[in-house]
Amino acid sequence: MSSSWLFDPLLPLHYELLVIDPPWPFELYGPGGAKKSASAHYQTMSEAQILNLPIGHLASADCLLYLWATATKLPLAIASVEAWGFVYRSFMIWRKTTASGRMRWGTGYRVRSSGELVVVATLGNPRQAYAPPTVFDGVAREHSRKPDEFYAICDRVMPHARRADVFARERRDGWQSFGDQVGKFGEAA
């Protein structure tokens, strides 16, 4: 693969299921939020850089896209899927829980965050074996680490799909991963 391919080692025009967790930029109201911000954990991208990602070049003719987004970035998330050549279809909400099953409360300026959005989009007509519920529970762990419960849903939705996790922070069996922090949270079992 050419070194000019942004998503090396991922394959072009190959994936039937894409999970994308872009390094969204966030404006802070003051220095107090800096230690909890995304930029304290990883290098973020500008809105223009995210919009111009060639995500569509990863997709097969029929592809399901799950795009992680926070509530403040929802307009940009929908604009991104459209810029990448996908059609917005719906959303899911990860209701963040603690290991004991209680709702986990986060930070927020207007409302306190207790969940995270997943924008659902398609290219062509991907075949799904299962239609998941809009809301799912999952244990919240380290900053930006996505719940195992989400990946179990993905595996059930498209059990035999060629899958890629873009801007991944851990490797998973049955998935190809891309990102500068792949492996941050350990290796697949």
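As the structure is a prediction and not an experimental result, all values here were calculated from the model.

Visitor: Any chance you could explain the pairing of strand β4 (residues 115–123) here in plain terms?
Guide: Consecutive side chains along a regular strand alternate between the two faces of the sheet. Taking burial as the measure, the 9 residues of β4 include 7 buried ones, the bulk of the element. Sheet topology places strand β2 (residues 59–69) next to β4; 7 bridges connect them, and they run antiparallel. Note on β4: the bridge partner recorded for W68 is V118. As defined by bridge partners, strand β3 (residues 87–97) adjoins β4 across 8 bridges and the pair is classed as antiparallel. Residue pairing across strands places F91 opposite V119, the latter belonging to β4.

Visitor: Help me understand the nonpolar core, please; the structure alone is not making it clear to me.
Guide: If you look at soluble globular proteins, the nonpolar side chains tend to sit buried side by side. Of all hydrophobic cores here, the largest spans 28 residues; its most connected members are L18, I55, W84 and F86. Put simply, the parts of the chain that give this core at least two residues each are β1 (15–20), β2, α2 (74–83), β4 and β6 (163–166). Broken down by element, this core gets its largest block of residues, 5 residues, from β2. Once residues within four sequence positions are removed from consideration, I55 is found in contact with F7, L18, I20, W84, F86 and V166. Residues L64, M92, V120 and F136 belong to the second largest nonpolar core, which totals 19 residues.

Visitor: How should the sheet that holds strand β5 (residues 135–139) be read in this particular structure?
Guide: The strands that make up a sheet are held in pairs by hydrogen bonds between backbone atoms, and each pair lies either parallel or antiparallel. Strand order across the open sheet formed by 7 strands is β5-β3-β4-β2-β1-β6-β7, with mixed pairing between neighbours. Two strands in the sheet have a free side with no partner beyond their single neighbour: β5 and β7 (175–178). Put simply, the sheet's adjacent strands are angled 25° from each other on average, direction ignored. Pairing between β6 and β7: 4 bridges, direction parallel. Residue pairing across strands places V166 opposite F178, the latter belonging to β7. Here α2 sits on the sheet and contacts β2, β3 and β4; the angle it forms with β4, its principal contact strand, is near 15°.

Visitor: Is there a simple way to think about α2 in this case?
Guide: Turning to α2, its buried residues number three or more, namely L76, A77, S80 and V81. The arc that holds every buried residue of α2, seen down its axis, measures 135°, which confines them to one face. In this fold, the buried residues of α2 make contact with α1 (47–51), β2, β3 and β4. G85 occupies a position one or two residues after α2 and carries a positive phi of about 95°.

Visitor: Mind showing me how you'd approach the pattern of salt bridges here?
Guide: Opposite charge on two side chains allows them to pair when their charged atoms are near. All chains considered together, the criterion is met by 12 salt bridges. Put simply, R145 and E142 hold a salt bridge, and the shortest N to O gap is 3.0 Å. Of the residues examined, R145 reaches a relative accessible area of 14% and is grouped as buried. Residue R172 is joined to E170 by a salt bridge in which the shortest nitrogen-to-oxygen separation is 3.3 Å. Residues R172 and E170 agree in their burial class; the two are buried.

Visitor: Please explain the packing of aromatic side chains as it appears in this structure.
Guide: By convention here, two paired aromatic rings are described through the distance between centres and the angle between planes. Within the structure shown, the criterion is met by 9 aromatic pairs. For the ring pair W68 and W94, a centre distance of 5.7 Å and an interplane angle of 80° mean the geometry is edge-to-face. With W68 in strand β2 and W94 in strand β3, the pair connects residues that are 26 residues apart, well separated along the chain. W94 carries the same exposure label as W68, and that label is buried. Their ring planes at 65° and their centres at 4.8 Å tell us that W68 and F150 sit as a pair that is edge-to-face. In this pair, W68 sits in strand β2 while F150 sits in helix α3 (residues 148–157), placing the two residues 82 residues apart along the sequence. Each of the two residues, W68 as well as F150, counts as buried. Three or more aromatic residues joined by ring pairs form one cluster here, namely Y66, W68, W94, F136, F150, Y151 and W175. One Lys or Arg, K146, reaches over the ring of W68 and ends 4.8 Å from the middle of that ring.

Procedures and definitions
- Residues numbered from 1 in each chain as written.
- Predicted model: local features only at pLDDT ≥ 70, side-chain atom pairs only at ≥ 80, totals over all residues.
- Heavy atoms only, no water.
- Buried < 20%, exposed > 50% of the residue type's maximum accessible area, 1.4 Å probe, protein only.
- Helix = DSSP H or I, 4+ residues; strand = E, 2+ residues; numbered from the N terminus.
- Pairing = 2+ DSSP bridges.
- Core = buried A, V, L, I, M, F, W, Y, C linked by side-chain atoms within 4.5 Å.
- Contact = heavy atoms within 4.5 Å.
- Axes fitted to C-alpha atoms, helices over the stretch in contact; angles between N-to-C directions.
- Arc of directions from axis to C-beta.
- Salt bridge = Lys/Arg side-chain N within 4 Å of Asp/Glu carboxyl O.
- Phe/Tyr/Trp six-rings, centres within 6.5 Å; stacked < 30°, edge-to-face > 60°.
- Lys NZ or Arg CZ within 6 Å of the ring centre and 35° of its normal.

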